[in-house]
Amino acid sequence: MDSIGRTAIIGAGTMGLGVAQCFALAGLEVTLLDETPEASQCALERLAQRVRNHVDAGLLPDTAVEVARSVRAARDITGAVATADLVFEAVPERVEIKRDVLAACDAGAPADAIIASNTSSLPIDELAAFVERNERFLGLHWFNPPEWTPGVEVIPSAHTDPAVVERAREFLLAIGKKPATVASGPGFVANRIQFALFREALACVEAGLATPQEIDEVVRSSFGFRLPFYGPFQIADMAGLDVYVNIMDVLARGLGAEWEAPAALREIVAEGRQGVKELAGFYDYSEDERAALLIERDKRYAALSRLLDEFSAPADRGAKDSA
């Protein structure tokens, strides 16, 4: 983080305020700009209340309130970005707004400043066209609430300097985030997978399989329960890739050919790479690594189960009392 000490955040909505809180608590200088100077001053008040709420909830120490007061408001983009090492654009998801804001940021920021867009779906190559020095531009897709969600998608354009990507990744790691570099495609990675899930959840409701409440419970307490610790490929390795092929065959018969197991998955299984049980799947494992993975999985799941019981017990009791 040595090369990034001064930051400018353009756009003070939910994401902009959350990122401002992250940056300030990481010890960075933060300048915040919203649509007007008056809106920027109001944003400082909202940021202070946001931090106070987190302090009251026991999520932050009392000292965080004073840190939040160190964030300053700018009157215009030129003033906001003039000395910034990192310019973080978080304006609404409308191309015409981002075009004007990104061009102004590019014109006003120092030559070595990184310019990043927090877009959650707009093509990064399209946005890069609005930045004349586009080698220093990339996407940084944070997730709500940004203070607590660790993942950030790092999305280079076709013109982004690899050194800028590495600098951004190192910065995110230094402030406690978990960056993943992904290519610019529709929805990037997280939203493509998330909305595939939501699309199928809606289809299950429409098909009369379950209510939204029951589907939420299924997801939360089954495969969703595993996701804090493992991604879909390692979960599949632990389940058995041959099992996945068999399940997908059943889904294809009942729901259509688009559910067929991809040829690449069938090829992996045919090669004997069936997952943890064969010491090879999408990942490779030694005997010791397999044993360690499975016992560590069980320890993590047991701990999460206890945590969920702790948090859900009062709500569950209240639901039973009102029944």
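Residues numbered from 1 in each chain as written. Predicted model: local features only at pLDDT ≥ 70, side-chain atom pairs only at ≥ 80, totals over all residues. Heavy atoms only, no water.

A. The arrangement of the overall build of the chain in detail. Across its full length, the chain carries 14 helices and eight strands. The contacts of the chain with a sequence gap of at least 6 include a subset with a gap of at least 24, amounting to 63%. As displayed, the chain offers around 17,600 Å² of accessible surface, 56% of which is attributable to carbon and sulfur atoms. Charged side chains in the chain number 31 positive and 49 negative. The centres of these two groups are separated by 3 Å. (Helix = DSSP H or I, 4+ residues; strand = E, 2+ residues; numbered from the N terminus. Contact = heavy atoms within 4.5 Å. Areas by Shrake-Rupley, 256 points an atom, 1.4 Å probe, with all protein chains shown as cover. Lys, Arg positive; Asp, Glu negative; His and termini not counted. Charge placed at Lys NZ, Arg CZ, Asp CG, Glu CD.)

B. Spotlight on the packing of helix 1 (residues 14-25) against helix 2 (residues 37-56). Between helix 1 and helix 2, whose axes approach to 10 Å, the crossing angle comes to 65 degrees. As helix 1 packs across helix 2, the resulting crossing turns out to be right-handed. Of the residues in helix 2, those in contact with Thr-14, Leu-17, Gly-18, Ala-20 and Gln-21 of helix 1 are Ala-43, Arg-46, Leu-47, Arg-50, Val-51 and His-54. Its residues assigned to classes, the contact of helix 1 with helix 2 shows five nonpolar, four polar and two charged. (Axes fitted to C-alpha atoms, helices over the stretch in contact; angles between N-to-C directions. Left-handed = near helix turned anticlockwise from the far one by under 90°. Nonpolar A, V, L, I, M, F, W, Y, C, P; charged D, E, K, R; others polar.)

C. The arrangement of the packing of aromatic side chains in detail. One pass over the full model with this rule turns up 10 aromatic pairs. With 6.4 Å between their ring centres and 75 degrees between their planes, Phe-23 and Phe-88 make a pair best called edge-to-face. Of this pair, Phe-23 sits in helix 1 while Phe-88 sits in strand 4 (residues 86-89), and the two are 65 residues apart along the sequence. A residue is classified by how much of its surface remains accessible, and Phe-88, at 0% relative accessible area, is buried. (Phe/Tyr/Trp six-rings, centres within 6.5 Å; stacked < 30°, edge-to-face > 60°. Buried < 20%, exposed > 50% of the residue type's maximum accessible area, 1.4 Å probe, protein only.)

D. How the structure looks around the confidence of the model for the chain. Per-residue confidence for the chain gives a mean pLDDT of 94; residues scoring 70 or more make up 96%. Ignoring residues within four places in sequence, the model shows residues 317-323, a span with pLDDT below 50, making zero contacts including any to other chains. (pLDDT = per-residue confidence, 0-100.)

E. Region of the structure containing the sheet that holds strand 4. Across the sheet, eight strands lie side by side as 3-2-1-4-5-6-7-8; this open sheet has mixed pairing. Two strands lie at the open edges of the sheet, namely strand 3 (72-73) and strand 8 (178-181), each paired on one side alone. Across four bridges, the pairing between strand 7 (residues 151-156) and strand 8 is parallel. Each residue of the ladder has a partner; that of Val-152, found in strand 8, is Pro-179. Running at roughly 165 degrees to strand 2 (residues 29-33), helix 1 makes contact with strand 1 (6-10), strand 2, strand 4 and strand 6 (137-142) of the sheet. (Pairing = 2+ DSSP bridges.)

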